[in-house]
Amino acid sequence: MRRVLVIGIGMGEAEGLTGHAISALARAEVFFLLDKGEGAGELVAAREALIARFGRPGHRVVRAPSPPRRPAAFAGARETYEGAVADWHDARARLLAGLIAGELPEEGTGAILVWGDPMLYDSTLRVLSAARAQAEFTVEVFPGLTALQALCAAHAIPLNAIGEEVALTTGRNVAQATPASPAFAVLLDDGSGLAALAARGFEGDIWWGANLGTSAQVLLHGRLGAVAGEIAQMRAQVKAARGWVMDVWLARALPPG
C-alpha cells in the first residue's frame, strides 16, 4: 500500500529539524507541494531547499496550486466561516487523493512537509483523513518544532506560570471575545485579534513574535496597551518587505488587585 509521510519542519530551518524528520525526508520518493500562491514564494523555496538537501537521490517533487479558500459569503450552501473552511478542506482532499493515486506508485512512499507541527492548527492530517476515503494509503506523522515553542525560546520564557492554565486559541476567537483563561497563546491571527484585545483595554503583558527562526524574525514584549501599536506597525512592515508574515503571541492578564 502507498505511504504518505507528514513531516513537521518547524520554522523551515535545517537546524530545527528533528532527526526523525531528516530520516523521513530521506525515505520519500515523491514530495507533494501545494502552493497557496499568497506571495509566499520564499516559503515554497524553504521547503524545496530542505527536500534538495535531505531527499534521497532520484526523488521527485510534484507541485500543484492549492485550491483557494473562498470567503464565507461565497461558500455556497455553507455560508459560514466553518462551512467555507470545510469546503476548502474537501477541495484539498480531492486534489491530494488524485495526486497520491496518480503520482505515487503502489508500495511507494510520498511526503508532505508541514510548517511547525502537524497537530497544531494545521489541516493536513484532517485533509488526508478525508482523502483516504478516495485513495488507499497509510499515513505516518513526524512532529516538528511549533511556533509557540519558538516564541517562548526566543523570549527566554516558560509558557506557563506556576500551576497556571494556558488556553490555546486563534486570532478569530480573540477578536470575538477575550479568553477567560489568565494566560492564552494565540495563533492564526491576521492582526484583528490583537487589535480587538487592545481596544477592549486588556490589562496584561504580551510576548509577540513574527517569522520566527528566519532572518526576518522580530520580537516585542511589554504591557499590551503600550506596545499594541508598535506590534501592528512592525507586523505590517514585515509583511510588506517579505510578502508574508506568520506571527504568534502569548498574553497574560495582570493578577486581580
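What you see is a predicted model; the values in this text were computed from it and never measured.

Here the focus is the pattern of salt bridges. Applying the stated criterion to the full structure yields 8 salt bridges. Here Arg235 and Asp247 are joined by a salt bridge, their closest N and O atoms 2.9 Å apart. A residue pair is termed long-range when its members are at least 10 positions apart, and Arg235 in helix 8 (residues 224-242) and Asp247 in strand 10 (residues 247-253) qualify at 12 residues. Accessibility classification places Arg235 together with Asp247 in one group, the buried group.

Read from one edge of the open sheet, 5 strands run 6-7-10-8-9, paired in mixed fashion. Edge strands, defined here as strands with exactly one partner in the open sheet, are strand 6 (166-170) and strand 9 (218-223). Going from strand to strand, the sheet's axes swing by 15° on average, the running direction of each strand aside. Summarising the sheet, strand 8 (residues 204-210) and strand 9 pair through 6 bridges and their orientation is antiparallel. Bridge pairing links Gly209 to Leu219 in strand 9.

With that settled, the discussion passes to the pairing of strand 6. For strand 6 and strand 7 (residues 183-187), the ladder comprises 5 bridges, and the chain directions are parallel. Directly across from Leu168, in strand 7, lies its bridge partner Ala185. In this fold, strand 6 hands off to helix 6 (residues 171-176), which returns the chain to strand 7; that crossover is right-handed.

Between its first and last C-alpha, helix 8 extends 25 Å over 19 residues, near the 27 Å set by a 1.5 Å rise per residue. Among all positions in helix 8, only Leu224, Val227, Ala228, Ile231, Met234, Arg235 and Val238 are buried. Summarising the contacts, the buried residues of helix 8 are in contact with helix 7 (192-199), strand 8, strand 9 and strand 10. Once helix 8 finishes, Gly243 follows within two positions and takes phi at roughly 90°, a positive value.

A few words now on the confidence of the model for the protein chain. When pLDDT is averaged along the protein chain, the result is 92; 94% of the residues meet or exceed 70. Note on residues 73-78: pLDDT is under 50 here. Beyond four places in sequence and across chains, it has 10 contacts.

Here we come to the packing of helix 3 (residues 81-103) against helix 4 (residues 124-131). Packing of helix 3 against helix 4 brings their axes to within 8 Å, and their N-to-C directions diverge by 65°. The two elements helix 3 and helix 4 cross, and the hand of that crossing is right-handed. When helix 3 is examined against helix 4, the residues His89, Arg92, Ala93, Leu96, Ala97 and Ile100 are found in contact with a partner set consisting of Arg126, Val127, Leu128, Ala130 and Ala131. In terms of residue class, the contact of helix 3 with helix 4 is made up of 8 nonpolar, 1 polar and 2 charged.

A separate point is the sheet that holds strand 2 (residues 30-35). Within the open sheet, the 5 strands sit side by side as 3-2-4-1-5. Their pairing is parallel. Strands at the two margins of the open sheet, each flanked by one partner only, are strand 3 (60-65) and strand 5 (137-142). For this sheet, the mean inter-axis angle between neighbouring strands, taken without regard to orientation, is 25°. For strand 1 (residues 2-8) and strand 5, the ladder comprises 6 bridges, and the chain directions are parallel. Bridge pairing links Ile7 to Phe142 in strand 5. Along the sheet, helix 2 (residues 41-54) makes contact with strand 2, strand 3 and strand 4 (109-114), crossing strand 2 at roughly 175°. Each of strand 1, strand 4 and strand 5 touches helix 4; the most contacted strand, strand 5, lies at about 170° to it.

Definitions and limits used
- Residues numbered from 1 in each chain as written.
- Predicted model: local features only at pLDDT ≥ 70, side-chain atom pairs only at ≥ 80, totals over all residues.
- Heavy atoms only, no water.
- Salt bridge = Lys/Arg side-chain N within 4 Å of Asp/Glu carboxyl O.
- Helix = DSSP H or I, 4+ residues; strand = E, 2+ residues; numbered from the N terminus.
- Buried < 20%, exposed > 50% of the residue type's maximum accessible area, 1.4 Å probe, protein only.
- Pairing = 2+ DSSP bridges.
- Axes fitted to C-alpha atoms, helices over the stretch in contact; angles between N-to-C directions.
- Right-handed = clockwise from strand over helix to strand, strands pointing away.
- Expected span 1.5 Å × (residues − 1).
- Contact = heavy atoms within 4.5 Å.
- pLDDT = per-residue confidence, 0-100.
- Left-handed = near helix turned anticlockwise from the far one by under 90°.
- Nonpolar A, V, L, I, M, F, W, Y, C, P; charged D, E, K, R; others polar.

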